[in-house]
Amino acid sequence: LARTPAPPGQNRKSEIGSRKLNAADAGTAHHKFLQRFSFADTADLKSLAAEAERLERENILSADERGVLDLQAVAFFWNSKVGQKIREQSANVKRELAFTAKFSPAELSEIVGTSSSPDLANEFIVVQGVADLVVLLPKEIWLVDFKTDEIRKDGLPERIKTYTPQLKLYALALEKIHSRPVTARWLHFLAARKTV
């Protein structure tokens, strides 16, 4: 059966239940899109829809992945103050930036709010991760972590608490690697359309 495509930029979350994709797969689809779409005209829903179609043609997104993209939520971010600020620095943007950094147990304990054993003082831990979006400026770094959780605004405080240590860890890793401070770090919740 052929399906009728939704109008460009239409929120297709209601279709997730009838598709093969679960919530985690839909989150992966959003991350793929955010990693690969062109920054040109990012605020325009029609342009975002055209980018989604291009990524499907190039086999970066499957038809089902393209179908679950909430392009209105994506446009909301890129039209926000933070999104516009990042677009102004598009030449310095790195997406899905992989990193490896060495931490002492004490550094990690401080980030997650636990105490480390004095016996581990001479040990180290290697942390690997992938930062969703980094703006690497000559004297500073900005960091954005996109969250695709289906969550209402009243559920945000708990999720923010959950994700804050991860954001702190990523920021400290980037500071170690690039020898400059992370002066801005944001969590952006796509479904809730909220940046904190």
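The present account deals with the structure reproduced in this document.

What counts and how
- Residues numbered from 1 in each chain as written.
- Predicted model: local features only at pLDDT ≥ 70, side-chain atom pairs only at ≥ 80, totals over all residues.
- Heavy atoms only, no water.
- Core = buried A, V, L, I, M, F, W, Y, C linked by side-chain atoms within 4.5 Å.
- Buried < 20%, exposed > 50% of the residue type's maximum accessible area, 1.4 Å probe, protein only.
- Helix = DSSP H or I, 4+ residues; strand = E, 2+ residues; numbered from the N terminus.
- Contact = heavy atoms within 4.5 Å.
- Expected span 1.5 Å × (residues − 1).
- Axes fitted to C-alpha atoms, helices over the stretch in contact; angles between N-to-C directions.
- Parallel < 35°, antiparallel > 145°, perpendicular 65-115°, else oblique.
- Left-handed = near helix turned anticlockwise from the far one by under 90°.

## Here we look at the nonpolar core
Residues Phe 33, Trp 78, Ile 86 and Leu 133 are the most contacted members of the largest nonpolar core, which totals 33 residues. Elements with a contribution of two residues or more to this core: helix 1 (23-36), helix 2 (45-57), helix 4 (71-79), helix 5 (81-87), strand 2 (125-136), strand 3 (141-147) and strand 4 (182-189). In contact with Ile 86, other than residues within four places in its own chain, are Phe 77, Trp 78, Val 93, Leu 133, Val 135, Trp 142, Val 144 and Trp 186. By size, the runner-up hydrophobic cluster in this structure holds 24 residues, among which are Ile 151, Leu 167, Leu 169 and Phe 189.

## Overview of helix 7 (residues 156-178)
For helix 7, built from 23 residues, the straight-helix expectation of 33 Å at 1.5 Å per residue is met to within 8% by its first-to-last C-alpha distance of 31 Å. Among the residues making up helix 7, those that are buried are Leu 156, Tyr 163, Leu 167, Leu 169, Tyr 170, Ala 171, Ala 173 and Leu 174. On the buried face of helix 7, the contacting elements are strand 1 (93-103), helix 6 (105-112), strand 2, strand 3, strand 4 and strand 5 (194-195). Ser 179 sits one or two residues past helix 7 and shows a positive phi near 50 degrees.

## Here we look at helix 2
Taking 1.5 Å as the rise per residue, helix 2 with 13 residues should run 18 Å; its terminal C-alpha atoms sit 18 Å apart, in good agreement. Where the residues of helix 2 are buried, they touch helix 1, helix 3 (63-68) and helix 4. In the stretch just after helix 2, Asn 59 is the one whose phi turns positive, near 60 degrees.

## Quick notes on the environment of Phe 103
Looking at where Phe 103 falls in the secondary structure, it is placed in strand 1. Separated by 70 residues in sequence, Phe 103 and Ala 173 have C-alpha atoms that sit 8.3 Å apart. Those residues within four positions of Phe 103 in sequence are excluded, and the remaining contacts are Leu 108, Phe 124, Ile 125, Val 127, Leu 169, Leu 172, Ala 173 and Lys 176.

## A closer look at unusual backbone geometry
Among all residues except glycine, the phi angle is most often negative; among peptide bonds, the trans geometry is most common. One non-glycine residue with positive phi stands out, namely Ser 179, at about 50 degrees. Structurally, Ser 179 can be placed in the loop between helix 7 and strand 4. Located in the positive-phi region is Arg 193, a residue other than glycine, with phi close to 55 degrees. As for its placement among the helices and strands, Arg 193 is situated in the loop between strand 4 and strand 5. A residue is classified by how much of its surface remains accessible, and Arg 193, at 28% relative accessible area, is partly exposed.

## Examining the packing of helix 1 against helix 4
Following both chains from N to C, one finds helix 1 and helix 4 inclined at 45 degrees, their axes separated by 12 Å at the closest point. In this view, helix 1 runs oblique relative to helix 4, as classed from their interaxial angle. The two elements helix 1 and helix 4 cross, and the hand of that crossing is right-handed. Residues His 30, Phe 33 and Leu 34 of helix 1 pack against Leu 71, Val 74 and Trp 78 of helix 4.

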